[in-house]
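One letter stands for each residue in the lines below.
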Amino acid sequence: MFNKKTIDDINVKGKRVLVRCDFNVPLKDGAITDDTRITSSLPTIKKLIADGGKVILCSHLGKPKGEPLPEMSLAPVAKRLSELLGKEVVFAKDDKVVGPGVKAAVEAMKEGDVVLLENTRYRAEETKNGEEFSKELASLADVFVNDAFGSAHRAHSSTTGVASFVDTVASGYLMKKEIDFLGNAVENPKRPFAAVLGGSKVSSKISVIDNLLDKVDILIIGGGMAYTFVKAQGGSIGKSLLEDDYLDYCKKMFEKAKAKNVKLLIPVDTVVAKEFSNEVPNHVVKVDAIPDDEMGLDIGPETIKLYIDAIKDAKTILWNGPMGVFEMSNYEKGTKDLAQAMADLDAITIIGGGDSAAAVKQFKLEDKMTHISTGGGASLEFLGGEELPGLAAIQDV
Ligand code: AMP
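Residues numbered from 1 in each chain as written. Predicted model: local features only at pLDDT ≥ 70, side-chain atom pairs only at ≥ 80, totals over all residues. Heavy atoms only, no water.

Novice: Just checking my understanding: could you explain the pattern of salt bridges for this structure?
Specialist: When the charged atoms of two side chains with opposite charge come close together, those side chains can pair. Here the structure, examined in full by the defined rule, presents 28 salt bridges. The partner of D22 in a salt bridge is R37, with the nearest N and O atoms 3.0 Å apart. Taken as a pair, D22 in the loop between strand 1 (16-20) and strand 2 (27-28) and R37 in helix 1 (residues 36-50) lie far apart in primary sequence, 15 residues in all. One salt-bridge network, held together by shared partners, links D35, K79, R80 and E83. (Salt bridge = Lys/Arg side-chain N within 4 Å of Asp/Glu carboxyl O. Helix = DSSP H or I, 4+ residues; strand = E, 2+ residues; numbered from the N terminus.)

Novice: Can you help me understand the site of the ligand in this one?
Specialist: The environment of the ligand is formed by 16 residues, the closest being S200, G224, G296, E327 and D355. One nitrogen or oxygen atom from the main chain of G224 is found 3.1 Å from a nitrogen atom belonging to the ligand. Take G296: an N or O atom from its main chain is 2.9 Å from a nitrogen atom of the ligand. Protein burial of the ligand: of its 500 Å² of free accessible surface, 80% is covered by the chains. Tallied by class, the residues present in the shell around the ligand amount to six nonpolar, six polar and four charged. (Near = heavy atom within 4 Å. Polar contact = N/O pair within 3.5 Å; in protein donor to acceptor, adjacent residues only side chain to side chain. Areas by Shrake-Rupley, 256 points an atom, 1.4 Å probe, with all protein chains shown as cover. Nonpolar A, V, L, I, M, F, W, Y, C, P; charged D, E, K, R; others polar.)

Novice: Sorry if this is basic, but what is going on with the pairing of strand 1 here?
Specialist: Along any regular strand the residues' side chains alternate between the sheet's two faces. The element strand 1 is largely enclosed, with a buried count of five among its five residues. Taken together, the five bridges between strand 1 and strand 4 (residues 54-58) define a ladder with parallel strand orientation. Counted as the bridge partner of L18 is I56 from strand 4. Summarising the sheet, strand 1 and strand 7 (residues 143-146) pair through four bridges and their orientation is parallel. Within the sheet, the bridge partner assigned to V19 lies in strand 7 and is V145. (Buried < 20%, exposed > 50% of the residue type's maximum accessible area, 1.4 Å probe, protein only. Pairing = 2+ DSSP bridges.)

Novice: So what exactly am I meant to see when it comes to unusual backbone geometry here?
Specialist: Apart from glycine, the bulk of residues carry a negative phi angle, and the bulk of peptide bonds sit in the trans form. Going from R191 to P192, the amide bond is cis rather than trans, its omega being 0 degrees. Topologically, P192 is positioned in the loop between helix 5 (173-187) and strand 9 (193-197). Notably, D29 is not glycine yet its phi reads approximately 50 degrees, a positive angle. Since its relative accessible area comes to 78%, D29 is described here as exposed. Of note, the phi angle at K364 is positive, near 55 degrees, even though the residue is not glycine. By the element assignment, K364 lies in the loop between helix 11 (354-362) and strand 19 (371-372).

Novice: Before we go on, may I ask you to explain the environment of A155 in this structure?
Specialist: Here A155 lies in the loop between strand 7 and strand 8 (168-171). Residue A155 is classed as partly exposed on the basis of its relative accessible area of 36%. Taking the C-alpha atoms as reference, A155 lies 36 Å from V230; in sequence the two are 75 residues apart.

Novice: Even after reading the chapter, I still don't get the environment of K258, so can you show me in this structure?
Specialist: Residue position: K258 is located in helix 8 (residues 247-260). Along the backbone, K258 and L213 are 45 residues apart, and their C-alpha atoms lie at a distance of 9.9 Å.

Novice: Honestly, the packing of helix 6 (residues 206-213) against helix 8 in this entry has me stumped. Any pointers?
Specialist: Packed helices, taken two at a time, are described by their axes: the angle between them and the distance between them. Interhelical geometry of helix 6 versus helix 8 gives an angle of 15 degrees and a closest axis separation of 10 Å. Here helix 6 lies roughly parallel to helix 8, going by the angle between them. The hand of the helix 6/helix 8 crossing is left-handed. Here I206, I209, D210 and L213 of helix 6 lie close against helix 8, whose contacting residues are Y249, M253, K256, A257 and K260. (Axes fitted to C-alpha atoms, helices over the stretch in contact; angles between N-to-C directions. Parallel < 35°, antiparallel > 145°, perpendicular 65-115°, else oblique. Left-handed = near helix turned anticlockwise from the far one by under 90°. Contact = heavy atoms within 4.5 Å.)

Novice: Explanation requested: the nonpolar core in the structure shown.
Specialist: The nonpolar side chains of soluble globular proteins are, as a tendency, buried together. In terms of nonpolar packing, the biggest core is built from 70 residues, with L18, L117, I209, L219, I221, F229 and L318 touching the most fellow members. Broken down by element, the residue count for this core peaks at six residues, all from helix 8. Other than its neighbours up to four places away in sequence, L219 contacts A195, L197, I209, L213, V262, K263, L264 and L265. (Core = buried A, V, L, I, M, F, W, Y, C linked by side-chain atoms within 4.5 Å.)

Novice: Before we go on, may I ask you to explain the sheet that holds strand 18 (residues 348-351) in this structure?
Specialist: The pairing of strands in a sheet happens through backbone hydrogen bonds and is either parallel or antiparallel. Taken in spatial order, the six strands line up as 12-10-9-17-18-19 in an open sheet, and their pairing is parallel. Strands at the two margins of the open sheet, each flanked by one partner only, are strand 12 (263-265) and strand 19. By the bridge criterion, two bridges tie strand 18 to strand 19 in an arrangement that is parallel. Bridge pairing in strand 19 places I350 opposite H371. Of the strands in this sheet, strand 17 (316-320), strand 18 and strand 19 touch helix 11, which is tilted by about 105 degrees from strand 17.

Novice: Quick question: what am I supposed to make of the packing of aromatic side chains here?
Specialist: On inspection of all chains with the given rule, the structure shows two aromatic pairs. A centroid spacing of 5.7 Å and a plane angle of 85 degrees characterise the contact between F229 and F254, whose relative ring orientation is edge-to-face. Residue F229 is found in helix 7 (residues 226-232), and its partner F254 is found in helix 8; the two are separated by 25 residues along the sequence. You'll find F229 and F254 in the same group, each marked buried. Geometrically, the ring pair formed by Y246 and Y249 is edge-to-face, given 6.3 Å between the ring centres and 80 degrees between the ring planes. (Phe/Tyr/Trp six-rings, centres within 6.5 Å; stacked < 30°, edge-to-face > 60°.)

Novice: For this particular structure, what's the right way to read the packing of helix 5 against helix 12 (residues 376-383)?
Specialist: At a minimum axis separation of 11 Å, helix 5 and helix 12 run at an interaxial angle of 35 degrees. Both helix 5 and helix 12 take part in a crossing whose hand is right-handed. Here helix 5 contributes I179, L182, G183 and V186 to the contact with helix 12, which in turn contributes S379, F382 and L383. When grouped by side-chain class, the residues that make up the contact of helix 5 with helix 12 number five nonpolar, two polar and no charged.

Structure follows, in structure tokens:
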């Protein structure tokens, strides 16, 4: 149950509402290549406009590390947002984010107006949760709304610090939707409940694997991290990705799965090549007999069958991390076939952000999934059972 105040619980008419959005969009040559994060924030922005708020938006973009780097300006976001809203979004261009010009622009706002501040990470204090910057942000607002799920795992000035200096702190619709989907999936899943985890590293998913073993019926492991699990069972993995320090951890996870009666699946075969390249020959071998001079870059055909069969009766599927190096056409099949299988199932399918979301988009299956998270890191931390500081700072109902 989402027990935080939302924008439905507050009155914003005539008030200055500072909204932390996640507008951290991918840019190429100054153009936005994927505006999902902007479109995902529209319901909240539209509601606040309709309710007569003075809507002041803020976000970070990239990692300018306290420098006002022009290529990380939010100017392209202001333009795209204006088009999507069909109304002017005033871009408060200011390298200091909250300078005198911005204060004047906010003073001049009327009900329903929208202003977008410059990249909050132009200020070095932002990522240190600096009190001065938090106060400056708070000075612009009567109400603070956090809708930046993708940044909720960061305790920064614009996600948590500012909340201490504003009387009313509520969640936006996107934050609520993300927490509802991810929270319901893990706390109240329709069973059987399967999790599919991939990606490059065991180390980045330790708390997720551990936590999910308490919740799921089936846990499927693929991607680069699978080879550490294979090695932990005594297999030869050649030059495949290996995190030696996590062999014991993997052994413990096999034991935990057994104790919890969870079906823990690791690959049985794999596509290997001599180099991390799409230009060299590849072939399929048993996963525990990879030649010394080769590396596993995708799950093999037997594994694909095994995994698709394992999820076919699932009613809830949570997916985070690709099954192979899906960015290269020779190694995309495992990720693509699993994504297609999930898309075809009559089940709740939840895609953790980051690379799995990118893969689903690459294969044009977005519309077939129940929910695609806008936050990779945030969803991993949430699924790992960790508190999200951005969420914690929102007032309870
Ligand atoms: P992560 O950032 O940990 O979610 O991992 C995503 C990355 O893992 C993607 O860029 C994939 O290309 C990469 N990946 C998946 N499988 C493998 C593999 N077998 N070997 C190396 N990298 C992989």
